[in-house]
Amino acid sequence: AQSVTQLDSQVPVFEEAPVELRCNYSSSVSVYLFWYVQYPNQGLQLLLKYLSGSTLVESINGFEAEFNKSQTSFHLRKPSVHISDTAEYFCAVSESGSARQLTFGSGTQLTVLP
Amino acid sequence: NAGVTQTPKFRVLKTGQSMTLLCAQDMNHEYMYWYRQDPGMGLRLIHYSVGEGTTAKGEVPDGYNVSRLKKQNFLLGLESAAPSQTSVYFCASFGTQALWEQYFGPGTRLTVT
């Protein structure tokens, strides 16, 4: 069975500083990897995904994540955060050949401080 | 397109009462899912459906039932609510043309007293 570990439950960071949110997964088969973002009192929105090809994937608002198969990681990074990036971030995995159901990590609350 | 909608948005139940949560999507998606979100535990899959008339159990199915009589609707039922079912419930849908993006509804906050 697949599982996802998000190592940090809370990450406070000052505005314009870089940030890394860590995600590790375990699975016995090929996986697809995702980062979702949840703003307060809202549903989840897809931030970026790795399906195949280049191991570095980017979002439209400056986040990027790198798939590292040997370390079974998919860490999320941003070189300079804004107040508006304050949200909860979830890493998720889906196994190839499955019914596309997602297994989520426990989430990381990113708080950007002025 | 409204996307994925959920009804109701909030509900308070007493232990032992029953209720049904409705999820509707207008994107003609084949797959639909029900998750629950609890603090510090992320989202956990309750039940899912890969098409009209089909349902399957997820990670935490006990105490819940589902039905998918129409492609656009996915119902989640609680026959006898328990305080442990206090949670935020999210519905999601996925279409095979959607490049692996699941679309989430806004959530239903359920409190069982």
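Above this note sits the structure.
So, here is what we can say about the structure in this document.

Definitions and limits used
Every chain begins its residue count from 1, and numbering advances along the sequence as written. Chain letters and ligand numbers both follow the written order, the letters beginning at A and the numbers at 1. Only residues with pLDDT of 70 or above have their local features reported here, since the model is predicted, and side-chain atom pairs are shown and tallied only from 80 upward, although totals for entire chains, interfaces and linings are computed over all residues. Each side-chain value is worked out from all heavy atoms of the structure, with water and hydrogens disregarded. Centres within 6.5 Å make a pair out of two Phe, Tyr or Trp rings, where for Trp the six-membered ring is used; the pair is then stacked when the planes are under 30 degrees apart, edge-to-face when over 60, and tilted otherwise. For the purposes of this entry, the term helix denotes a DSSP run of H or I that reaches at least four residues, the term strand denotes a run of E that reaches at least two, and both are numbered from the N terminus. When accessible area is computed with a 1.4 Å probe and restricted to protein chains, residues below 20% of their type maximum are described as buried, those above 50% as exposed, and intermediate ones as partly exposed. The contact definition used throughout considers only heavy atoms, calling two residues in contact when any of these lie within 4.5 Å. Summed over both partners, the accessible surface that disappears when two parts come together, traced with a 1.4 Å probe, is what is meant by buried area. Within this document, salt bridges are pairs made up of a side-chain nitrogen of Lys or Arg and a carboxyl oxygen of Asp or Glu, the two lying within 4 Å of each other. What qualifies as a polar contact is a pair of N or O atoms within 3.5 Å, subject to a donor-acceptor requirement within protein and to the restriction that residues adjacent in sequence count only when both atoms come from side chains. We call Asp, Glu, Lys and Arg charged. Ala, Val, Leu, Ile, Met, Phe, Trp, Tyr, Cys and Pro are nonpolar, and the rest, Gly among them, are polar. Note on terminology: pairs of cysteine sulfur atoms within 2.5 Å are recorded as disulfides. DSSP-based pairing: two strands are paired if at least 2 bridges between them are found. Points on a 1 Å grid, built from protein atoms alone, make a cavity when a 1.4 Å probe fits but cannot get out and make a pocket when they are open with protein on both sides within 12 Å along at least 5 of 7 lines; residues with an atom within 4 Å of a point are the lining residues. Grid points are joined across faces, edges and corners, and a volume is the space filled by probe spheres set on the points.

1. Section: the packing of aromatic side chains
Geometry of an aromatic ring pair is reported as the spacing of the ring centres plus the angle between the planes. Applying the stated rule across the entire model yields 14 aromatic pairs over all chains. Arranged with centres 6.2 Å apart and planes meeting at 75°, the rings of Phe104 of chain A and Phe104 of chain B form a pair that is edge-to-face. Taken together, the positions of Phe104 of chain A in strand E11 (residues 103-104) and Phe104 of chain B in strand E10 (residues 103-104) put the pair across two chains. Like Phe104 of chain A, the residue Phe104 of chain B is buried in the burial classification. By the ring-pair criterion, three or more aromatic residues cluster together here, those being Phe34, Tyr36, Phe90 and Phe104 of chain A together with Tyr33, Tyr35, Tyr48 and Phe104 of chain B.

2. Observations concerning the interface of chain B and chain A
At the junction of the two partners, chain B supplies 22 residues and chain A supplies 21 residues. Summing the contributions of chain B and of chain A, the shared interface buries around 1700 Å²; its carbon and sulfur component is 61%. When the buried area of chain B at its contact with chain A is split by residue, Leu43, Trp100 and Phe104 of chain B rank highest and sum to 37% of it. Seen at the junction of chain B and chain A, the total is zero salt bridges. Taken together, the links from chain B to chain A amount to three residue pairs in polar contact (both at pLDDT 80 or more). Counting residues per element, the ones that place at least two in the side of chain B that touches chain A are strand E4 (31-38), strand E5 (42-49) and strand E9 (87-94) of chain B. Taken together, the residues of the side of chain B that touches chain A sort by class into 15 nonpolar, five polar and two charged.

3. What to know about the state of the cysteines
Scanning all chains against the criterion turns up two disulfides over all chains. Each disulfide pairs two cysteine sulfurs, and for Cys23 of chain A the partner residue is Cys91 of chain A, the sulfurs being separated by 2.0 Å. Where Cys23 of chain A bonds to Cys91 of chain A through sulfur, the torsion about that S-S bond is close to -65°, and the disulfide is left-handed. Here Cys91 of chain A lies in strand E10 (residues 87-95) and Cys23 of chain A lies in the loop between strand E3 (19-21) and strand E4 (24-26), a separation of 68 residues in the sequence. The burial state of Cys23 of chain A is the same as that of Cys91 of chain A; both residues are buried. Shown here is the disulfide that connects Cys23 of chain B with Cys91 of chain B, its sulfur atoms set 1.8 Å apart.

4. Re unusual backbone geometry
A negative phi angle characterises most non-glycine residues, just as the trans form characterises most peptide bonds. Following Thr7 of chain B, the chain continues into Pro8 of chain B via a peptide bond in cis, with omega recorded as -5°. Residue placement: Pro8 of chain B occurs in the loop between strand E1 (4-7) and strand E2 (10-13). You will see that Asn41 of chain A, though not glycine, has its phi angle at about 60°, which is positive. Take Asn41 of chain A: it is sitting in the loop between strand E5 (31-38) and strand E6 (44-50). Of note, the phi angle at Asn28 of chain B is positive, near 60°, even though the residue is not glycine.

5. A look at the environment of Ala17 of chain A
All names here are of chain A. Relative to the assigned elements, Ala17 resides in the loop between strand E2 (10-14) and E3. The class for Ala17 is partly exposed, based on a relative accessible area of 21%. Ala17 has contacts with Lys78, Pro79, Ser80 and Val81, leaving out every residue within four places of it along the chain.

6. Comments concerning the pairing of E10 of chain A
All names here are of chain A. By the criterion of burial, E10 is predominantly enclosed, with eight of the nine residues buried. Taken together, the eight bridges between E5 and E10 define a ladder with antiparallel strand orientation. Across the sheet, Tyr36 pairs through a bridge with Phe90, a residue of E10. Inspection of the sheet shows E10 paired to strand E12 (residues 108-113) by three bridges, in the antiparallel sense.

7. A few points about the layout of surface pockets
Here the largest pocket defines a volume of roughly 550 Å³. In this structure, the largest pocket is lined by 28 residues; those nearest its centre are Gln38 and Asn41 of chain A together with Gln37, Val88 and Arg109 of chain B. Broken down by element, the lining of the largest pocket gets its largest block of residues, three residues, from E10 of chain A. Residues belonging to the lining of the largest pocket are distributed by class as follows: ten nonpolar, 14 polar and four charged. The space that makes up the second largest pocket amounts to roughly 240 Å³. Lining the second largest pocket are 14 residues, with Gln2, Leu102 and Thr103 of chain A together with Leu45 and Glu59 of chain B positioned closest to its centre. Of all the secondary structure elements, the ones that give two or more residues to the lining of the second largest pocket are E11 of chain A together with E5 of chain B. Tallying contributions element by element places E5 of chain B first for the lining of the second largest pocket, with four residues.

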